[in-house]
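Here's the letter readout for the chains.
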Amino acid sequence: REREREETLLVVRRPSRSSLAAMGACHGGQCGQELGWGDRDVWVEEVTGKKRALLVGINYRGSSNKLNGCINDIENQKQVLIEHYGFEDSDILMLSEDESRDKWPNKDTIIAGFKWLYTDARSGDLLFFHYSGHGSQVMTSSGQADCICPLDCLHRPWPDSVILDTEIHQSFYDPLPQGCKAIALFDCCHSGTVANLVVKRDFGAQAPKGRYMKPPQELKVTEAHLVEVAGSGIRKAVTREEYAGHQLWVFSGCQDNQTSADAHVDGSYQGAFTWAFIKALRSDVWHESYIDLLEQTKTNLRGYTQIPALTTTLDSYLASWYAGRTPQAPVTKSLELDVGHRKALLVGINYRDTRNELRGCINDVNNQKYILKAAYGFQDSEIMMLTEDESRSNWPYKARIVEGMQWLLKDARPGDLLFFHYSGHGSQMTDHTGCEPSGMSDCICPLDCDQPWPAHIIMDTEIHQHIYSELPDHVKLVCLFDCCHSGTVANLEYKRDLEVGPNAMSPQSYAASRFLAPPADVATPSSPSAGRAFGCGRRSAMKPASGFRKAVAGSHTYGNKLVWVYSGCQDNQTSADAFEDGQYQGAFTWACIAALKNSRFSLDHWKLIDSIRSKLRRRYRQIPALSTTTKEYFHRYYMGQKTSVYLPRSGCL
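Predicted, not measured: the structure shown is a model, and the values here were computed from it.

K.L.:
Hey, could you go over unusual backbone geometry for me, with residue numbers and the actual values?
P.N.:
As a rule of thumb, non-glycine residues mostly have phi less than zero, and peptide bonds are mostly trans rather than cis. Of note, the amide linkage connecting Trp158 to Pro159 takes the cis form, showing an omega dihedral of 0 degrees. Position of Pro159 among the secondary structure elements: in the loop between β6 (143-148) and β7 (163-164). The step from Trp453 to Pro454 runs through a cis peptide bond, and the omega angle for that step is 0 degrees. Here Pro454 lies in the loop between β18 (440-444) and β19 (458-459). Positive phi, normally seen in glycine, also occurs at Arg600, with a value near 60 degrees. With respect to the helices and strands, Arg600 occurs in the loop between α10 (587-598) and α11 (605-616).

K.L.:
Quick one: what's the story with the sheet that holds strand β15 (residues 383-386), residue by residue and with numbers?
P.N.:
Strands belonging to one sheet form pairs held by backbone hydrogen bonds; the direction of such a pair is parallel or antiparallel. The 6 strands are arranged β15-β14-β16-β20-β22-β25 in an open sheet whose pairing can be described as mixed. Single-partner strands in this sheet number two, and they are β15 and β25 (625-628). With strand direction ignored, the average angle separating the axes of adjacent strands in the sheet is 10 degrees. Both strand β16 (residues 417-423) and strand β20 (residues 476-482) contribute to a ladder of 7 bridges, which runs parallel. Paired with Ser423 across the two strands is Asp482, which belongs to β20. The strands touched by α10 within the sheet are β16, β20 and β22 (562-567), with β20 carrying the most contacts at an inclination of about 135 degrees.

K.L.:
How would you sum up the sheet that holds β19? Please name residues and give values.
P.N.:
Strands sit in the order β17-β18-β19 across an open sheet of 3 strands; the sheet is antiparallel. Single-partner strands in this sheet number two, and they are β17 (426-430) and β19. Bridging between β17 and β18 involves 5 bridges; their strand directions are antiparallel. Across the sheet, the residue bridging to Gly426 is Ile444, located in β18.

K.L.:
So what's going on with the environment of Arg359? Which residues, and what values?
P.N.:
Secondary-structure assignment places Arg359 in the loop between β14 (342-348) and α7 (361-376). A residue is classified by how much of its surface remains accessible, and Arg359, at 25% relative accessible area, is partly exposed. Between the C-alpha atoms of Arg359 and Ile349, which are 10 residues apart in sequence, the distance is 8.8 Å. Side-chain polar atoms of Arg359 contact the side chain of Tyr584, separated by 2.7 Å.

K.L.:
Tell me about the pattern of salt bridges, and name the residues and values.
P.N.:
Counted under the stated rule, the structure contains 11 salt bridges. In this structure, the salt-bridge partner of Arg613 is Asp292, at a minimum N-O distance of 2.7 Å. Of this pair, Arg613 sits in helix α11 while Asp292 sits in helix α6 (residues 290-300), and the two are 321 residues apart along the sequence. Taking relative accessible area as the criterion, Arg613 reaches 6% and is therefore assigned buried. The exposure class of Asp292 is buried, given its relative accessible area of 10%. With a closest N to O distance of 3.0 Å, Lys398 and Glu462 form a salt bridge. Here the residue Lys398 occupies a position in helix α8 (residues 398-409), and Glu462 occupies one in helix α9 (residues 460-468), the gap between them amounting to 64 residues. The pair formed by Lys398 and Glu462 is uniform in burial state, with each residue classed as buried. Ionic contacts of the salt-bridge type, sharing partners, join the residues Lys369, Lys373 and Asp380 into one network.

K.L.:
How would you summarise α7 if you had to cite specific residues and measurements?
P.N.:
Relative to the 22 Å expected for 16 residues at 1.5 Å per residue, α7 spans 21 Å between its end C-alpha atoms, a close match to the ideal helical length. Listing the buried residues of α7 in full gives Cys361, Ile362, Asp364, Val365, Asn367, Gln368, Tyr370, Ile371, Leu372, Ala375 and Tyr376. Note on α7: the residue one or two positions beyond its end, Gly377, has a positive phi of about 80 degrees.

K.L.:
I'd like to hear about the pairing of strand β5 (residues 135-140), residue by residue, with values.
P.N.:
It is a general feature of regular strands that their side chains alternate between the two faces of the sheet. Of all the 6 residues making up β5, 5 are buried; the element is thus mostly covered by neighbouring parts of the structure. Where β5 and β6 come together, 6 bridges link them in antiparallel fashion. Across the sheet, Thr140 pairs through a bridge with Gly143, a residue of β6. Connecting β5 to the antiparallel partner β6 that follows it, the hairpin turn spans 2 residues.

K.L.:
Help me get a handle on the packing of aromatic side chains, residues and values and all.
P.N.:
Counted by the stated rule, this structure contains 23 aromatic pairs. For the ring pair Phe129 and Phe186, a centre distance of 5.7 Å and an interplane angle of 70 degrees mean the geometry is edge-to-face. Residue Phe129 is found in strand β4 (residues 126-132), and its partner Phe186 is found in strand β8 (residues 181-187); the two are separated by 57 residues along the sequence. The two residues Phe129 and Phe186 agree in class, both being buried. Of the aromatic side chains, those joined through ring pairs into one cluster are Tyr85, Trp249, Phe251, Phe273, Phe277, Tyr290, Tyr317 and Tyr322. One cation-aromatic arrangement involves Arg52 over Trp116; the distance from NZ or CZ to the ring centre is 4.7 Å.

Conventions we followed
Residues numbered from 1 in each chain as written. Predicted model: local features only at pLDDT ≥ 70, side-chain atom pairs only at ≥ 80, totals over all residues. Heavy atoms only, no water. Helix = DSSP H or I, 4+ residues; strand = E, 2+ residues; numbered from the N terminus. Pairing = 2+ DSSP bridges. Axes fitted to C-alpha atoms, helices over the stretch in contact; angles between N-to-C directions. Contact = heavy atoms within 4.5 Å. Buried < 20%, exposed > 50% of the residue type's maximum accessible area, 1.4 Å probe, protein only. Polar contact = N/O pair within 3.5 Å; in protein donor to acceptor, adjacent residues only side chain to side chain. Salt bridge = Lys/Arg side-chain N within 4 Å of Asp/Glu carboxyl O. Expected span 1.5 Å × (residues − 1). Phe/Tyr/Trp six-rings, centres within 6.5 Å; stacked < 30°, edge-to-face > 60°. Lys NZ or Arg CZ within 6 Å of the ring centre and 35° of its normal.

Now the structure itself:
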């Protein structure tokens, strides 16, 4: 079986002007792009009212469809809700075979649970629904339908005994009051095509089981019936116009054609998705946004073939704080290390006179150089610029960039501050080690990348080798990557209605993707089995660090390093080459520098990434990300700068 390329699926909808007006998002006659979708004064993030949770876990004991981890899933979820999100026991309704008979998860009991969940719900409340059990797909008089499988579907006729996607819409999506938050997690799968797929590389005796129940033969969905219907299903229905005013997030354990695994992890049976999700919540992402939580969950699932998905009603909601819990700085912040020597390597590549030409990358690093000198005390001699505007010896070919990395780390000692900025194309190529779950390895594209790959690109492992691994203890390193690495993003639309491409009618309408398609001979994902010769066949032996940003997050390899890595977008998004403030530049770099200017160049990393996101989401779909080695480091000051800096109005910005 050809391995499907890994991508985290985000489904959002773009609001119409009428939707924005109905939500109070139009002020002074301005809607949509003039106001900016996602302004913080429009979207209420705090949970000010009551909290309620309906948790359904079904193991189907004593049947041929038995699962082992579903009840453990909801027990673990309950613990998280109580310990970290302020729920009380009385706020949570548990439906499982471990409860009293009147709380067994039969269809009528689950429907009654939805009604209980919504009793007296109002603006400011938070409602939570978790389902762990079998999913399925059946034919109805209206066509194919996703469904979840209550306990009594084992002995009662379908479809009356299952809960169809339309019933979930009616019971959970439709009643949601304006201003009331609702989160749903479905750790199951809905497509019969996934029932026999391998869900993990190599488990040995503890092979997991797919959470899919075959429907009766007469209701089976055949290949002829598999027609994608917009706005259908449990997850994708969230994008329908009728839900535009809802604050609704729906997580799914896998893509539509994948298996959500019932597995044995960390010494107990549980759903692989629920385990990965709760592990993310129990680690450094207690205060993360929905998009960050999804990304961390995906990372935790490395070694499984399932790829979690998130659907929400508006794209701005992706950057909202999970469960309305906003980040709080520690009571006592870690002391900043004194800054010793400074060095910066700035690489900007426009790929001039090629079909891959960009316009803003050199401006990015010129602007960054100005900020480093004016606000953070760097001298010209401490900054290496590699662009096509420099002398030929400093053109950003691969060999010169690697030399620059070596220069950056040379003689570094405790207290020093190092800075690396890359603006240009990113890409992915076939992972020849077999250690990457996606079958692809991230890379950046030097000026000579028109020559054979991988000899003329810089792989993520080379970044690790030359920068992360060489970094001495107690030396600060800040990295910014204004590029993208997934080919799935190349054609995504931006938040504004922009004309894409170098031949746009005006600079203001220009936008291009910073993704370079790899040559055909290295564009195919590798098979998971390819890694067995390298010791990567088992989950415990997976590549310890991959990518540029995620390599430092919770990594045992770099756990003692002082590293912060910013990325211009999520793995499945476009980092835009755009036109802002009268010049071509990267949207992420523009937003980053604007956020620094607005804060007088003194704020911690957490506030900086939040401010960058706020700036970007008014105009673009990309959501920037930040990773560091220890969660306390989110609250260190960017570049160690505690005092405000006031710059003269003159200058290059």
